[in-house]
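Listed here are the chains, written in short residue letters.
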Amino acid sequence: MTEEQKIEAQKQKRMFSIFAARMFEQRVLQAYREKVAQERQQQLLRELEDEDKLSKEREAKKQTQNQKKKDKKKY
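These numbers come from a predicted model, not from an experiment. (Residues numbered from 1 in each chain as written. Predicted model: local features only at pLDDT ≥ 70, side-chain atom pairs only at ≥ 80, totals over all residues. Heavy atoms only, no water.)

1. Considerations on the overall build of the chain
At step 1: Counting secondary structure elements, the chain contains one helix and zero strands.
At step 2: Seen through its C-alpha atoms, the chain measures out along the principal axes to roughly 110 × 10 × 5 Å.
At step 3: Counting over 75 residues, the chain shows a buried share of 1%.
At step 4: Here the chain displays about 8,000 Å² of accessible surface, and carbon together with sulfur accounts for 53% of that area.
At step 5: Between the mean site of the 21 positive side-chain charges and the mean site of the 14 negative ones, the chain shows a separation of 8 Å. (Helix = DSSP H or I, 4+ residues; strand = E, 2+ residues; numbered from the N terminus. Buried < 20%, exposed > 50% of the residue type's maximum accessible area, 1.4 Å probe, protein only. Areas by Shrake-Rupley, 256 points an atom, 1.4 Å probe, with all protein chains shown as cover. Lys, Arg positive; Asp, Glu negative; His and termini not counted. Charge placed at Lys NZ, Arg CZ, Asp CG, Glu CD.)

2. Focus: the pattern of salt bridges
At step 1: Summed over all chains, the structure comprises two salt bridges.
At step 2: Of the charged contacts, one joins Asp 52 and Lys 56 as a salt bridge, the two residues approaching to 3.5 Å between their closest N and O atoms. Here the residue Asp 52 and the residue Lys 56 both occupy positions in helix α1 (residues 3-74), the gap between them amounting to four residues, near one helical turn.
At step 3: Overall, Lys 56 belongs to the exposed group, its relative accessible area being 55%. (Salt bridge = Lys/Arg side-chain N within 4 Å of Asp/Glu carboxyl O.)

3. What about a negative patch on the surface?
At step 1: Taken together, the side chains of Glu 47, Glu 49, Asp 50 and Glu 51 make up a negatively charged region of the molecular surface.
At step 2: Here Asp 50 lies in helix α1.
At step 3: We classify Asp 50 as exposed; its relative accessible area is 52%. (Patch = residues over 30% accessible without salt bridge, like charges linked within 9 Å, V, L, I, M, F, W, Y side chains within 5 Å.)

4. Examining a nonpolar patch on the surface
At step 1: Among the surface-exposed residues, Phe 16, Phe 19 and Met 23 lie close enough to one another that they form a single nonpolar patch of about 340 Å² accessible area.
At step 2: Here Phe 16 shows up in helix α1.
At step 3: Using a relative accessible area of 56% as the deciding quantity, one classes Phe 16 as exposed.

5. Concerning the environment of Glu 51
At step 1: You can see Glu 51 is positioned in helix α1.
At step 2: The exposure class of Glu 51 is exposed, given its relative accessible area of 56%.
At step 3: Counting along the chain gives 15 residues from Glu 51 to Val 36, while the straight-line C-alpha distance between them is 22 Å.

Below, the structure written as structure tokens:
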């Protein structure tokens, strides 16, 4: 190999390394974004479930109080 060919081979290796590093970076970034999106979705679902549970508890408490009022009126 001539000196020129060696330099060209080094350039090609460097270009390939940069390309491979960028591809790896993109994969890692995409995986991170997906994980963050999934965590946010899970958090939102937990919040919705908590809100629904609280709403049901309030409704049950309201019904209990209404029943107690009806029972008091009967007596």
